[in-house]
Amino acid sequence: MGNPNDIAIVGMALRVPGALDVESFWRMLCEGREALTSLSVAELKSRGVSSSVAEDPDYVAAGMPLAGFDEFDPEFFGFSPIEAAILDPQHRQFYEVAWEALESAGCVPSRFAGAIGVFAGCGAGSYFSRNILQNAELLRSVGYFLLRHTGNDKDFLSTRVSYAFDLKGPSISVQTACSTSLVATHMAVQSLLSHETDLALAGGVTIEVPHGVGYLYHEGEIQSPDGHCRPFDHRAQGTVFGSGAGVVALRRLEDALRDGDPIHAVIRATAVNNDGASKVGYLAPSVDGQAAAISEALALADIESSSVGFIECHGTGTPMGDPIEVAALNQAFGSGGAGTGSCLLGSVKANVGHLDTAAGVVALIKAALALQREEIPATPNFEAPNPALGLENGPFAVAATRTPWPRSGIPRRAAVNSLGVGGTNAFVVLEEPPLRAAIASAPGAELLTFSARSRHALDAAQQRLVQWLQDHPDVPLSQVAASQRRGREAFEFRRIVAATSSAEAASLLERNDATRVFTGSADGQVPSVVFMFPGGGAQYPAMAAALYRTTPAFRSAMDEGFDILLRDFRVDLKAAFLTAADASGVEDLLNRPSIQLPLVFLIEYALVSLWNACGVQPSALIGHSMGENTAACVAGVFSLKDGLGLVLLRGQLMDEVPDGGMLSVPMSAAELAARLGPDLDLAAANSPMLSIASGPWPALEALQAGLKAQGIESRRVRINIAAHSRMLDGILHRFGDYLRSIRLSAPTLPIVSNHTGTWLTAEEAQDPEYWVRHLRNTIRFVDGVKLLLEDASRVYLEVGPGTILGSFVRQS
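Throughout what follows, the structure given in this document is the object of discussion. Treat the numbers as computed from the prediction; the structure is a model and nothing was measured.

## Regarding the sheet that holds strand β28 (residues 795–798)
Part 1: Read across the sheet, 4 strands follow the order β27-β22-β21-β28 without closing on themselves; strand pairing throughout is parallel. Of all strands in the sheet, those bounded by a partner on one side alone are β27 (751–752) and β28.
Part 2: By the bridge criterion, 4 bridges tie strand β21 (residues 529–533) to strand β22 (residues 620–623) in an arrangement that is parallel. Residue pairing across strands places Met532 opposite Ile622, the latter belonging to β22.

Set out below in structure tokens:
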């Protein structure tokens, strides 16, 4: 490992007869299943096959159809229904498989730091000739040019995908007949090695139209007389064509290792050539041409041919083609010092048929899976070797049974051979993926996130995730969560689940428990996030203790604040924090404003650091009372040191205020103000039906008793001060003196003012008297929330202890 020319296969996706994803494809291979489907005369007639043809004794009423070949999610890719109907099914399938390959690689194009290229080809445009051009009204209304150029020509397969996904790397349509997708892989590898691209998609697609029909057998042609493809077998008489699509995502190995990408296999070398005229005819394969491509790839890989343990061959199951392919392998490999049977041969065409332009990439995916899963699947329909193969002349044997292929001290290697009508040969040398240290899951719950562009698609994604978790119980949940979070695009409909294990996550999702659906804005834009900072009274014993113990980003920010308090203000709040975290009966300690307020401020500041580390950035800020000081610090109005000094002084001054308190009352600010009397003040208007009275306890108790007599329940706020009342008048000048001694700047983020209920201006933020008025006067939180709710797309995130501000927003 470590060769700078090595290329990692970091993503794989396919749809083939009998399997619509990589996992079901591997199961089919391991079970030795053939996807051949028998067709009744009635089915054939319903698909346009005439009675005379369907009942012909030479008609083979069987095929390799692709399930759901006519299905497509146009909205996901930005197509209207009519545009999707015009689009060739090959292009539709390729769109979806290309996106699935990106997801398999954990690549989000909008966030990928590099160029992404596309190299691919498709089969003949039968849909265009049989369907589109037969629709006179469509031709008249749209026109031949647009019908051809918007998704019905081979030339536009790759570039349309690049346009839809906003990919900026080379976008090349490749056409070399049956070797197309393996040649596309070779071109993708070369583009990566030349640093034209940083991630490349390579693949191909062929969809037969009409679909789900058989064929008329003619002796001497390539097709099988009974519908079975028997590669390398003594009964081999021909192939059977199928429909399918496949895409691999490739990166330079060093980049994939650096970024922690999944690596299914490593491409050591690729080679492509053409037979030229040295063969019996244009349609015939060539021993010398194939052997030259194979020898070149082995030389470029700089390996001994004897180290290759498995070759996924072109293997069409024809009496002439298979012996020529094995002869070419024998010529290129020689004996190599290895005995017969040291290298096994297989052909996926026995499972899914000949997929034409998609055949090479599907063979590549099979070989990569064999290396990754450490076993070589059996070749279906194999009974005994064709005597013409000449297996006794080289190291090869047919993979007749499912064979374990465990790792050893020598890297396991495989290869893929693909031939195209017209003579373009391609050969790829693969090596086992590198071993990497297991990722240990941290204790506690993980958050699994997933999204889609519709509720129906979200439900389907949930079921796929359940199945995946059940099929992969040994994969650490932290790894799954990271992949879902960083390697998936965020769409409008979203669902989350918190779980401590894969089994628990699968169970919760299967029961639809502990999940919530979030819907983004109508135009699909990511909603803006409002950070909300609570103030005094939000504290509780052991607040943030678990985060401090387990989360480095949070602990680092907390320790930074503790160090400032100790160094610059000679206050050891860390000891109080740890005492509150580890001891019971600490309510009195936390109720002291000089401890409570700076601790809540610091926890909020550290939570901002944690959310930023997770990639969550606010677009607006709002605080409640002291929480507006946190918002100002986050927005750069004052530094962390000056902000800590301000809230510490605020708490110390509050300790000096005569005993008082606050009462939370379930009524509007106007209603409560009318009941306050001469000794109380309106401290806060929190929501349309929740307000706070503040003042001396005798007056508050009298108010509470009067309310109770009228059937109105009120409750004390957990802070022993009469905040935002006349009882603070004696401390305001010292609070203002401190503000006049520090630097105040204009905010770098929008802040909603508690004092005015509207946006905080730069002049207000830099005026010490604004912050004095803010401390003394009514908190108009409900007005600020009303302002923010004018933008319906906003998401509100409470950044601090408790959930009280979230409840205020919901009440509004």
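## Considerations on unusual backbone geometry
Part 1: A cis amide bond links Val209 with the next residue in sequence, Pro210, at an omega value of 5°.
Part 2: Checked against the element boundaries, Pro210 lands in the loop between β7 (199–206) and β8 (215–216).
Part 3: Phi at His195 is positive, roughly 65°, even though this residue is not glycine.
Part 4: Tracing the sequence through the fold places His195 in the loop between α11 (180–193) and β7.

## A few points about helix α32 (residues 781–788)
Part 1: In terms of residue burial, α32 counts as a mostly covered element, since 6 of its 8 residues are buried.
Part 2: By the burial criterion, the buried members of α32 are Phe781, Val782, Gly784, Val785, Leu787 and Leu788.
Part 3: Buried residues along α32 sit against β21, β22, β24 (681–687), β27, β28 and α33 (804–811).

## Thoughts on the state of the cysteines
Part 1: Inspection of the entire model under this criterion finds 0 disulfides.
Part 2: Residue Cys343 stays outside any disulfide, its sulfur separated by 8.0 Å from that of Cys313, the closest cysteine.

## A few points about the pattern of salt bridges
Part 1: Applying the stated rule across the entire model yields 35 salt bridges.
Part 2: Close ionic contact of Asp198 with Arg252 constitutes a salt bridge, the shortest N to O distance being 2.6 Å. Here Asp198, found in the loop between α11 and β7, pairs with Arg252, found in strand β9 (residues 244–252); they are 54 residues apart in sequence, far enough to count as distant.
Part 3: Its relative accessible area of 3% is what places Arg252 among the buried residues.
Part 4: For Arg402, the salt bridge goes to Glu375, with nearest N and O atoms at 2.6 Å. Placement of Arg402 in the loop between β14 (396–398) and β15 (403–404) and of Glu375 in strand β13 (residues 375–376) is noted, with a sequence separation of 27 residues between them.

## Some words on the packing of aromatic side chains
Part 1: In this structure the tally under the stated criterion is 20 aromatic pairs.
Part 2: Seen from their ring centres, Phe76 and Phe491 are 5.2 Å apart, and the 65° between their planes marks the pair as edge-to-face. One end of the pair, Phe76, is in helix α4 (residues 74–77); the other, Phe491, is in the loop between α18 (477–486) and β19 (493–499), and 415 residues separate them in sequence. As far as the burial class goes, Phe76 and Phe491 line up, both buried.
Part 3: Aromatic side chains Phe79 and Tyr95 sit 5.4 Å apart centroid to centroid with 90° between the ring planes, which places their arrangement in the edge-to-face category.

## Re the sheet that holds strand β5 (residues 116–122)
Part 1: An order of β6-β5-β7-β9-β1-β10-β17-β16-β11-β12-β14 is seen for the 11 strands of this open sheet, with the pairing classed as mixed. In the strand order of this sheet, the two ends are held by β6 (171–173) and β14, each with one partner. Averaged over all pairs of adjacent strands, the angle between their axes in this sheet comes to 25°, without regard to strand direction.
Part 2: Of the strand pairs in this sheet, strand β10 (residues 265–274) and strand β17 (residues 424–431) are connected by 8 bridges, and their pairing is antiparallel. Residue Ala271 lies in a different strand from β17, and its bridge partner there is Phe427.

What counts as what
Residue positions are given per chain, counted from 1 along the sequence in the order it is written. Two thresholds apply to this predicted model, a pLDDT of at least 70 for residue-level local features and 80 or more for giving and counting side-chain atom pairs, whereas whole-chain, interface and lining totals are computed over all residues. Water and hydrogen atoms were dropped before computing side-chain values, which therefore reflect all heavy atoms in the structure. If DSSP finds at least two bridges between two strands, the strands pair. Note on conventions: DSSP H or I runs of at least 4 residues are helices, E runs of at least 2 residues are strands, and numbering of each starts at the N terminus. Partly exposed describes any residue whose relative accessible area lies between the buried limit of under 20% and the exposed limit of over 50%, with all areas from a 1.4 Å probe on protein chains only and scaled to the type maximum. What makes two residues a contact is simply this: any of their non-hydrogen atoms within 4.5 Å. Criterion for a disulfide: a pair of cysteine sulfur atoms at a distance within 2.5 Å. Throughout this description, the term salt bridge denotes a Lys or Arg side-chain nitrogen within 4 Å of a carboxyl oxygen of Asp or Glu. Under the pairing criterion, centres of Phe, Tyr and Trp rings, with the six-membered ring standing for Trp, must be within 6.5 Å; the plane angle then separates stacked pairs below 30 degrees from edge-to-face pairs above 60, leaving the rest tilted. With axes taken as lines fitted to C-alpha atoms, and helix axes fitted only over the stretch in contact, angles between N-to-C directions fall between 0 and 180 degrees.

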